[in-house]
Amino acid sequence: MISSVASSSYWTTTVVVTMFSALRRTPGCSSGCRLPIACRSAGDSSLGSSIWLDCSDPSRRDREIRGPKASAVVRPVGRGCGSVTRRAVLAWDMGAEEEVGYSRCFLRARNGEELLFCIRREVEAGKLSSEIATRLEELYYNYRNAVMQSGDPSAQEIILSNMAVAFDRVLLDVEDPFSFSPCHKAIREPFDYYMFGQNYLRPLIDFRTSYIGNLSLFFDMEEKLKQGHNIILFSNHQTEADPALIALLLERTNLYFAEKMAFVAGDRVVTDPLCKPFSMGRNLICIFSKKHMHDVPELVEMKKRANTRSLKEMALLLRSGSQVIWIAPSGGRDRPDPLTGEWNPAPFDASSVDNMRRLLDHSGVVGHMYPLALLCYEVMPPPREVEKQIGERRKISFHGIGLSVAPKINFVEITAGCENPDEAKEVFSQAAYDSMIEHYNVLECAIYGCKGLNASNSIVSLSQPWL
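**Digging into the pairing of strand β10 (residues 367-375)**
Next up, step 1: Counting buried residues in β10 gives eight out of nine residues, a clear majority hidden from the surface.
Next up, step 2: Taken together, the six bridges between strand β6 (residues 230-235) and β10 define a ladder with parallel strand orientation. For Ile-232, the partnering residue across the bridge sits in β10 and is Met-369.
Next up, step 3: For β10 and strand β11 (residues 402-405), the ladder comprises four bridges, and the chain directions are antiparallel. Bridge pairing in β11 links Leu-375 to Gly-402.

Here it is, written out as structure tokens:
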């Protein structure tokens with residue numbers, strides 16, 4: 001296993017970005033294909049005692065990327081010995097038949113036309129509103145086009161299977177709405193909503209151009225979790241699908257960690273009919289986002305009381321130990337600059353960071369805090385502007401994504417020179433944000449090229465690839 005090297009100070013990091021191996025063997029793979037082992041040029045000892053193997057394809061190479069404060073060695077997955085996607089798990093594989101007691105129209109559909117006909121039939125029966133029906137049809141076409149971009153020979157089967165299950169789950173919730181508790185635990189049976197989300201999003205990821213940074217730190221965090229420690233991840237936020245995308249990047253190496261993650265989630269993903277089935281498969285701490293706190297003035301006090309309840313529930317969770325909580329201190333998804341169109345992570349809210357730090361400190365359990373960078377907006381970008389109404393239009397694309405964790409940050413060390421608590425709060429929040437940004441830039445450099453880094457401070461070098 002390749003390890004990363006972390007510096008001793010929070011403001012300087014070294015990231016090893018590891019590409020994912022494929023999910024299954026590709027037909028026609030030669031006997032020379034093996035499990036993914038990193039490759040390097042002769043004499044290259046920059047990554048220590050890892051296991052290395054000479055690789056035959058010089059067109060796919062490792063790249064070392066260095067910035068002013070962070071560097072990465074990135075490796076492409078490649079189709080090599082596996083395909084980018086695998087067949088989706090069908091509804092009856094996840095307990096749908098046993099749960100509903102009969103096969104719904106969506107689950108009996110044999111092609112896309114029949115699937116869309118089922119939508120119209122449910123509208124005529126008064127089970128679906130015309131508004132939701134329109135959004136489902138739009139979702140079907142967008143999802144179909146995105147999966148077709150992958151070039152997977154099983155694309156048609158994947159599209160039909162996943163959309164049939166998604167439509168069935170939406171209809172089931174419309175008929176019998178599910179209510180989320182302040183701390184929602186992922187529903188895994190009789191229907192496995194977690195795997196439903198995984199299988200739905202997996203075909204949208206181009207694993208050939210997807211990256212994970214500091215994989216060794218994920219192993220370290222997983223070990224701490226098993227020892228009973230708590231972990232807080234301060235992350236940027238880019239899509240509604242972030243929880244599933246993070247889990248997909250970690251499922252081959254850190255499945256325990258991925259399934260344990262709890263996400264601080266805004267009310268929109270637990271109220272939108274098209275989001276709810278996916279949210280039901282995640283561990284969630286439900287709150288009302290600051291960005292939408294005042295959308296309806298008469299509900300402000302109710303939302304504040306609900307957030308207080310959720311914070312109390314979170315405190316109880318942390319006291320029990322072995323918790324990993326993901327939070328986006330920005331309070332919402334990143335959006336492109338309206339003038340330049342460039343995507344940059346939104347600034348962290350210092351109060352949100354400080355609240356999580358104090359909850360961690362007061363839990364009575366050993367705790368750790370890590371900045372986390374996520375780059376995945378191409379898969380499902382949010383609307384250009386924050387919308388008040390529930391029911392946004394969803395654009396979907398097949399694309400590579402990236403995830404990188406920075407070394408843990410220590411409040412006492414970072415704020416040692418601060419003169420008062422308010423200054424310390426701001427300094428710590430900014431340090432967490434700056435560390436996340438450094439890793440985000442590395443991911444951006446790996447996926448899109450190094451335009452975002454100053455040429456005088458960055459080096460992009462090529463080495464040998466992964467199989």
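Past the structure itself, the notes keep going.
**Some details on helix α5 (residues 155-175)**
Each full turn of the α-helix corresponds to 3.6 residues, which orients residues three or four apart in the same direction.
Next up, step 1: Given a rise of 1.5 Å per residue, 21 residues ought to cover 30 Å, and the 30 Å separating the end C-alpha atoms of α5 matches this to within 8%.
Next up, step 2: Among the 21 residues that make up α5, 17 are buried, leaving the element largely enclosed by the rest of the structure.

**Description of the packing of helix α12 (residues 350-361) against helix α14 (residues 421-448)**
Next up, step 1: α14 packs onto α12 with a crossing angle of 95° between their chain directions and a minimal axis gap of 9 Å. Classed by the angle they form, the pair α12 and α14 counts as roughly perpendicular. Along the contact surface, α12 presents Ala-350, Ser-351, Val-353, Asp-354 and Arg-357, while α14 presents Lys-425, Glu-426, Phe-428 and Ser-429.
Next up, step 2: Considering only residue class, the contact of α12 with α14 consists of three nonpolar, two polar and four charged.

**Things to note about unusual backbone geometry**
Among all residues save glycine, negative phi is the norm, and among peptide bonds the norm is trans.
Next up, step 1: Pro-190 follows Glu-189 through a cis peptide bond whose omega is 0°.
Next up, step 2: Notably, Asn-214 is not glycine yet its phi reads approximately 55°, a positive angle.
Next up, step 3: If you check the backbone angles, Ser-322 has positive phi at about 55° while not being a glycine.
Next up, step 4: One can find Ser-322 in the loop between α11 (300-320) and β9 (324-327).
Next up, step 5: Judged by its relative accessible area of 17%, Ser-322 falls in the buried class.

Reading the values: the criteria
- Residues numbered from 1 in each chain as written.
- Predicted model: local features only at pLDDT ≥ 70, side-chain atom pairs only at ≥ 80, totals over all residues.
- Heavy atoms only, no water.
- Buried < 20%, exposed > 50% of the residue type's maximum accessible area, 1.4 Å probe, protein only.
- Helix = DSSP H or I, 4+ residues; strand = E, 2+ residues; numbered from the N terminus.
- Pairing = 2+ DSSP bridges.
- Expected span 1.5 Å × (residues − 1).
- Axes fitted to C-alpha atoms, helices over the stretch in contact; angles between N-to-C directions.
- Parallel < 35°, antiparallel > 145°, perpendicular 65-115°, else oblique.
- Contact = heavy atoms within 4.5 Å.
- Nonpolar A, V, L, I, M, F, W, Y, C, P; charged D, E, K, R; others polar.

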